[in-house]
Amino acid sequence: MDVLLGLQWGDEGKGKVVDVLAPNYDVVARFQGGPNAGHTLVFDDKKHVLHQIPSGIFRPETLNVIGNGVVICPIKLRAEIESLQERGIDALSNLVLSKRTQIILPTHRALDAAYENAKGQAKIGSTLKGIGPAYQDKYGRNGFRVGDLLRKDFKERYEQLKSAHWKILEFLGASPDLEAEEKTFLEAVEFLKKVQLADTEILLNEALADGQRLLAEGAQGSLLDIDFGSYPFVTSSSTCIAGACSGLGVPPRRVGEVFGIFKAYCTRVGSGPFPTELHDNTGELLRQHGHEFGSTTGRPRRCGWLDLVALKYAVMLNGVTQLFMMKADVLSHFDAVQICIAYKLPDGTLVQTMPYEVSQHDDIQPVYKTFKGWGLLPESLSWKQNMPDELEDYMAFITAETGVPISILSYGPDRSQTAFNQNVLCK
Ligand code: IMP
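Only a predicted model underlies this, so the values are computations on that prediction, with no experimental measurement involved.

Each value, and the rule that gives it
What you see as residue numbers is a count from 1 along each chain, following the sequence as written. Confidence filtering applies because this is a predicted model: local features only for residues at pLDDT of at least 70, side-chain atom pairs given and counted only at 80 or more, and all residues used for totals across whole chains, interfaces and linings. The side-chain numbers reported here are obtained from all heavy atoms of the structure, hydrogens and water having been left aside. Here an angle of 0 to 180 degrees is reported between the N-to-C directions of two axes, which are lines fitted to C-alpha atoms, with helices fitted over the stretch in contact. Runs of E in the DSSP output that reach at least two residues are strands. Runs of H or I that reach at least four are helices, and both are numbered from the N terminus. Between 65 and 115 degrees an angle is taken as roughly perpendicular, under 35 as roughly parallel, over 145 as roughly antiparallel, and anywhere else as oblique. Take the far helix as your reference; a near helix turned counterclockwise from it by less than a right angle gives a left-handed crossing, and one turned clockwise gives a right-handed crossing. The contact rule is simple, with two residues in contact once any of their heavy atoms fall within 4.5 Å. Within this scheme a cavity is a closed region of a 1 Å grid, computed over the protein atoms alone, that accommodates a 1.4 Å probe without allowing it to escape, whereas a pocket is open but has protein on both sides within 12 Å along at least five of seven lines; lining residues each have an atom within 4 Å of a point. Grid points are joined across faces, edges and corners, and a volume is the space filled by probe spheres set on the points. In this classification, Asp, Glu, Lys and Arg are treated as charged, Ala, Val, Leu, Ile, Met, Phe, Trp, Tyr, Cys and Pro as nonpolar, and every other residue, Gly included, as polar. The near set for a molecule or strand comprises every residue that places at least one heavy atom within 4 Å of it. Accessible surface is estimated by sampling points in the Shrake-Rupley manner with a 1.4 Å probe; for residues, cover comes only from the protein chains shown. Residue exposure (1.4 Å probe, protein chains only): buried if accessible area is under 20% of the type maximum, exposed if over 50%, otherwise partly exposed. Nitrogen and oxygen atoms within 3.5 Å of one another constitute a polar contact, given that in protein one can donate a hydrogen and the other can accept it, and given that sequence-neighbouring residues count only through two side-chain atoms. Put simply, a salt bridge is a Lys or Arg side-chain nitrogen that is within 4 Å of an Asp or Glu carboxyl oxygen. In this description, a nonpolar core means a group of buried Ala, Val, Leu, Ile, Met, Phe, Trp, Tyr and Cys residues linked to one another through side-chain atoms lying within 4.5 Å. Should DSSP find at least two bridges between two strands, the strands are taken to pair.

Some words on the packing of helix α2 (residues 74-86) against helix α6 (residues 179-192)
And step 1. It is at 8 Å that the axes of α2 and α6 come closest, and there the two elements cross at 60 degrees. Between α2 and α6, the angle falls in the class oblique. Crossing angle aside, the handedness with which α2 passes α6 is left-handed. On α6, the residues touching P74, I75, L77, R78, I81 and E82 of α2 are E181, T184, F185, E187, A188, V189, F191 and L192.

What follows is the structure, given as structure tokens:
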């Protein structure tokens, strides 16, 4: 099993890369997160955004698995499947859903909003898709799993959990009108029975034993991990490598390549520390040139220079074996580009490794190294033939500092705008 992980705060471009890699794999599987994710793929001049369905869905010969570690919203999953069907993609034929996947109820979504409201200024900036409350119920051992839909007492158990949620909502002073949403939810739950349901941990292990190739597709990013992200401004799942094993039921010794994906700069949506954030015109230019608006919520993303301290931390946590650098074209618009190589802490100490204090202080100063910009890139970029020296220097520095080679460089949203470093690419 190879694993693709975001090394920043999400939105690194995982959708595009999985789509490019998908032909090399028999199975693509999602292992954590849920409808908070938005993986964007562009091909044939059309934009496709997937939230819960793995990005291999556009290739009929690829099996797509939603694993046990995911929390699924039936309403959104149905909408996603139907929207694919409208475009002529029969998602029901190559999608399998784990019976152990947890279900997001309408009251989970309402709780997400109520908890955020209660936090006031300290709010996390959640996508409000019900992710946190659904994982809370999973770990509190109250959750609902896809397999439960087949039980005769499903409705009774649903009512029980719903009424427990209502007590909390009332306590928090929230009184959302969920009637219409509940109706849609119950219809979507019926629809889910049309999806192939399976013990996917068995299916995946048997596929691996048969010699099939599996790609685990991460959602969000390492810096949003529940343990290693800038807590509490994180998501509620394990976005790092360990999450791939527990979220699919595949043992660690089955892990092969670990592909770490990062943007040539940084973005973040929602609240929380972001040492290299640019509040000036440069940040605005990054946002405009990079079209940095959330694919799930449409929110403008916070933008800043590449943070090597954070990148090295993510590489370490995940044991990354190959790096994929995305959106190099966005930096074409700058004469000079910067990389943060150290943090200056409030007491003046310089650190090059990620300190716990980053999640505590806003006043951490980035220390930058400046690089010459590479200007507009050729329409078709080849690693060996026309790679600008400045871009090569930028990548060489990252490789030297992380100890990991860059094997894919993306320089535009289309599948075709991808350069491969054949020296390191392991297929
Ligand atoms: P939640 O997981 O929706 O509760 O959001 C928690 C934090 O993670 C918020 O700051 C969100 O903006 C962020 N987040 C969640 N999912 C994504 C994603 O797919 N990309 C980027 N940020 C995300």
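Overview of the layout of surface pockets
And step 1. The calculated volume of the second largest pocket comes to roughly 230 Å³.
And step 2. Lining the second largest pocket are 17 residues, and of these F228, G229, S230, Y356 and S359 sit closest to its centre.
And step 3. Counted by class, the lining of the second largest pocket contains 12 nonpolar, four polar and one charged residues.

Regarding the site of the ligand
And step 1. The full set close to the ligand counts 15 residues, and N36, S126, T127, T235 and R299 are the nearest of them.
And step 2. Notes on the ligand: free accessible area 470 Å², of which the protein chains cover 96%.

Let's talk about the side chain of T235
And step 1. One can find T235 in the loop between β10 (214-217) and α8 (241-246).
And step 2. Residue T235 is classed as buried on the basis of its relative accessible area, which comes to 10%.
And step 3. Among the polar contacts listed, one links the side chain of T235 to the side chain of N36, at a separation of 3.3 Å.
And step 4. Beyond its immediate chain neighbours, meaning those up to four positions away, T235 contacts N36, I131, Q220, L224 and I226.

Details of the pattern of salt bridges
Note on pairing: side chains with opposite charge can pair once their charged atoms come close.
And step 1. Enumeration according to the criterion identifies 22 salt bridges in this entry.
And step 2. Between K14 and E12 there is a salt bridge; the shortest N-O distance is 2.6 Å.
And step 3. Of the charged contacts in the structure, one is a salt bridge between R151 and D153, with a shortest N-O distance of 3.0 Å.
And step 4. Residue classification places R151 among the partly exposed residues on the basis of a relative accessible area of 40%.
And step 5. Via salt bridges that share partners, D11, K263, E292, R301 and K327 belong to a single interconnected network.

Thoughts on the nonpolar core
And step 1. With 57 residues, the main nonpolar core has M1, M325, L331, L391, Y394, I398 and L409 as its most contacted residues.
And step 2. No other element matches helix α11 (residues 389-402), which puts five residues into this core.
And step 3. Among the nonpolar cores identified, the runner-up in size contains 30 residues, and F43, I72, I103 and Y158 belong to it.

Comments concerning the pairing of strand β16 (residues 336-344)
And step 1. Where strand β14 (residues 306-307) meets β16, two bridges bridge the pair, whose relative direction is parallel. Along β16, the bridge assignment pairs D307 with C340.
And step 2. Note that β16 and strand β18 (residues 365-372) share eight bridges and pair antiparallel. When the sheet's bridge partners are listed, Q338 is paired in β18 with T370.
And step 3. As defined by bridge partners, β16 adjoins strand β17 (residues 350-351) across two bridges and the pair is classed as antiparallel. Within β17, the position partnered with K344 by the bridge is L350.
And step 4. Between β16 and the antiparallel strand that follows it, β17, lie five residues; G348 among them carries a positive phi value of about 95 degrees.

Let's talk about unusual backbone geometry
And step 1. In this model, Y231 is joined to P232 through a cis peptide bond whose omega is 10 degrees.
And step 2. Inspection of the secondary structure puts P232 in the loop between β10 and α8.
And step 3. The residue R141 is not glycine, and still its phi comes out positive at about 65 degrees.
And step 4. Overall, R141 belongs to the exposed group, its relative accessible area being 76%.

Thoughts on helix α1 (residues 14-21)
And step 1. Most of α1 sits out of view: eight of its eight residues are buried.
And step 2. Inspection of α1 places K14, G15, K16, V17, V18, D19, V20 and L21 among the buried residues, and these make up the whole buried set.

Thoughts on the sheet that holds strand β7 (residues 95-98)
And step 1. Strand order in the open sheet made by the 10 strands is β9-β7-β5-β2-β10-β1-β11-β15-β19-β20, with mixed pairing throughout. Of all the strands in the sheet, the pair left with one neighbour each is β9 (196-198) and β20 (418-420). Between one strand axis and the next, the sheet turns through 25 degrees on average, direction left out of account.
And step 2. Looking at chain direction, strand β11 (residues 258-263) and strand β15 (residues 322-326) are connected through five bridges and run parallel. Looking at β15, one finds that I261 is bridged to F324.
And step 3. The strands touched by helix α7 (residues 200-209) within the sheet are β2 (27-30), β5 (63-66), β7, β9 and β10, with β5 carrying the most contacts at an inclination of about 140 degrees.
And step 4. Against the sheet, α11 engages β11, β15 and β19 (406-410), with an angle of about 145 degrees to β15.

Points about the packing of helix α3 (residues 106-119) against helix α5 (residues 154-171)
And step 1. For the pair α3 and α5, the least separation of the axes is 10 Å and the interaxial angle reads 15 degrees. It follows from the interaxial angle that α3 and α5 lie roughly parallel. Crossing geometry of α3 relative to α5 is assigned as left-handed. Counting all contacts with α3, which are made through P106, T107, H108, A110, L111, A114 and Y115, the residues of α5 involved are Y158, K162, H165, W166, I168 and L169.
And step 2. Taken together, the residues of the contact of α3 with α5 sort by class into nine nonpolar, three polar and one charged.

All we've got here are geometric facts, nothing functional implied.
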